[in-house]
Every structure is written in C-alpha cells, then in structure tokens.
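Structural overview for review
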Amino acid sequence: MEAREFKQRFMPHYKLLYRVAYYLTGNAQDAEDLLQDMYLRLWQKREDLPDEAMKEAYLVAMMKNLFVDQRRHKRIDASEDIEAHASPPDERSLDEQIDSRDEVQQVEGLIWQLSERDAKIIQMHLMEDRSYEEIESDTGLSQGNIRIIVMRAKKKLKQQFQNITKTWTN
C-alpha cells in the first residue's frame, strides 16, 4: 500500500479517532500521542491489515486496545519506580485522589439528571471537547442557543454540586 492510498483510507477517520483518544486520555497532548502511535502501527502493518480495518468500529477498537496496552505498560513502569523508592504514599494525597474521583462521579451523575438534550450538549462540549460549530452541525441548534444551554447547564451543575458538597461536610 502506497502512502497516498494509506492517507485516503485512514485519514478521513482522524477527527473521530482524535475524539476517542481525547475521551480515553483526558488531555490533548496524550490524545495526539496515542493517535500518532495508532497511525504508526497501522502504517507498519499496512500490508497485513484485514479489509474491515477501514471501518470506524475496527479503528476505535484498535485505539482502545492500544490505550489499554500503554496504560498497562505505564503501570508496570510506575510500580518499578515505587519499589525503587520504597516509601509509603502520602495519606493526604490518597484521600485527595479518592475525593477527586468521587467528585467527578458526582458531576457525571448530575449531568445525566439534566434534560436529555442538555446532557448531550454538555457531554459534547465538556467531555468530548467539541466546538460550538461541531455541536451545531450535529444537533441543528444555533451556536447562540448552544452557548445559552451550556451556560445554564454549567450554572445548574455548579449549584447542584455545591448542594451535594454541603451535605457531605455537614
């Protein structure tokens, strides 16, 4: 397979794969690195790829598997670092990590308590990091409408989260 044919087959999926990588990694730099690694693997195996490799489902599954492999590898590296230092973790940082995860789960739960339309828009905007233009093309709503929905939903989420944290501290 020539480079031109490779680009024609796989580059149209770039935006989708970037969104999946961003969703998996949580930040732009790691998402770009993951996507670059995936395209490198596709290029290296270009002659042996099955016909279904051009389908989005196959590419998304490949992205997820690559992400899991990289996390597993990083975990192994991290455990070697921990063993090398042989010092107990700071209890406060562990508590903070647990609290942070709980907060994220609470906010995700609050998002799904919004109306279906608002939850979908907030998810696209905050979690998938999509622009107002992309959301407009997917939903058919105007950008002004989307901005208002996002602003009101953020305000509502903040208020509900503050109410939850008050009950935690009382």
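Scroll up to find the structure.
What this report covers is the structure whose coordinates are included nearby. (Residues numbered from 1 in each chain as written. Predicted model: local features only at pLDDT ≥ 70, side-chain atom pairs only at ≥ 80, totals over all residues. Heavy atoms only, no water.)

Things to note about the overall build of the protein
Helices and strands together make up the secondary structure of the protein, namely eight helices and zero strands. Taken from N to C terminus, the helices and strands of the protein fall in the order α-α-α-α-α-α-α-α. The 170 residues of the protein split such that 23% are buried. Excluding contacts between residues fewer than 6 apart, the proportion of contacts in the protein whose partners are at least 24 apart in sequence is 60%. Just so you have it, the protein exposes about 12,400 Å², and 49% of that area is on carbon and sulfur atoms. (Helix = DSSP H or I, 4+ residues; strand = E, 2+ residues; numbered from the N terminus. Buried < 20%, exposed > 50% of the residue type's maximum accessible area, 1.4 Å probe, protein only. Contact = heavy atoms within 4.5 Å. Areas by Shrake-Rupley, 256 points an atom, 1.4 Å probe, with all protein chains shown as cover.)

Section: the packing of helix H1 (residues 3-10) against helix H3 (residues 28-44)
Packing of H1 against H3 leaves a shortest axis separation of 11 Å and a crossing angle of 130°. Regarding the angle of H1 to H3, the classification is oblique. Two packed elements cross with a definite hand, and for H1 against H3 that hand is right-handed. Packed against H1, whose contacting residues are Ala3, Phe6 and Phe10, the element H3 presents Tyr39, Leu42 and Trp43 at the interface. Looking at side-chain class alone, the contact of H1 with H3 contains six nonpolar, no polar and no charged residues. (Axes fitted to C-alpha atoms, helices over the stretch in contact; angles between N-to-C directions. Parallel < 35°, antiparallel > 145°, perpendicular 65-115°, else oblique. Left-handed = near helix turned anticlockwise from the far one by under 90°. Nonpolar A, V, L, I, M, F, W, Y, C, P; charged D, E, K, R; others polar.)

Examining the packing of helix H6 (residues 116-127) against helix H7 (residues 132-139)
Following both chains from N to C, one finds H6 and H7 inclined at 145°, their axes separated by 10 Å at the closest point. As for how H6 packs across H7, the hand of that crossing is right-handed. Taken together, the residues of H7 that come into contact with H6 (itself represented by Ile121, Met124 and His125) are Tyr132, Ile135, Asp138 and Thr139. When the residues that make up the contact of H6 with H7 are grouped by side-chain class, the tally is four nonpolar, two polar and one charged.

A short note on the nonpolar core
Among the nonpolar cores identified, the biggest contains 18 residues, and Phe10, Leu17, Met38, Tyr39, Leu42 and Met63 are the most heavily contacted of them. Of all the secondary structure elements, the ones that give two or more residues to this core are H1, helix H2 (14-25), H3 and helix H4 (56-85). In terms of residue count, H3 provides more of this core than any other element does, six residues in total. In this structure, Ile111, Ala119, Ile146 and Ile149 belong to the second largest nonpolar core, which totals 15 residues. (Core = buried A, V, L, I, M, F, W, Y, C linked by side-chain atoms within 4.5 Å.)

Let's talk about H3
Here H3 contains 17 residues, and its C-alpha end-to-end distance of 24 Å stays within 8% of the 24 Å for a straight helix at 1.5 Å per residue. Listed in full, the buried residues belonging to H3 are Ala31, Leu34, Leu35, Met38, Tyr39 and Leu42. One side of H3 holds all its buried residues, which, seen down the axis, span an arc of 135°. Among the exposed residues of H3, those oriented more than 90 degrees off its buried face are Gln36 and Gln44. Where H3 begins, the side chain of asparagine 27 points an oxygen toward the backbone nitrogen of glutamine 29, at a separation of 3.2 Å. (Expected span 1.5 Å × (residues − 1). Arc of directions from axis to C-beta. Polar contact = N/O pair within 3.5 Å; in protein donor to acceptor, adjacent residues only side chain to side chain.)

Notes on the environment of lysine 156
The topology assignment puts lysine 156 in helix H8 (residues 143-169). Judged by its relative accessible area of 40%, lysine 156 falls in the partly exposed class. Separated by 42 residues in the primary sequence, lysine 156 and leucine 114 place their C-alpha atoms 8.8 Å from one another.

Section: the packing of aromatic side chains
A full pass over the atoms with the stated rule returns two aromatic pairs. When the centroid spacing of 6.4 Å and the interplanar angle of 20° are considered together, the rings of tyrosine 14 and tyrosine 39 count as stacked. Within this pair, whereas tyrosine 14 is found in helix H2, its partner tyrosine 39 is found in helix H3, the two being separated by 25 residues in sequence. Take tyrosine 14: its relative accessible area is 35%, and that puts it in the partly exposed class. (Phe/Tyr/Trp six-rings, centres within 6.5 Å; stacked < 30°, edge-to-face > 60°.)

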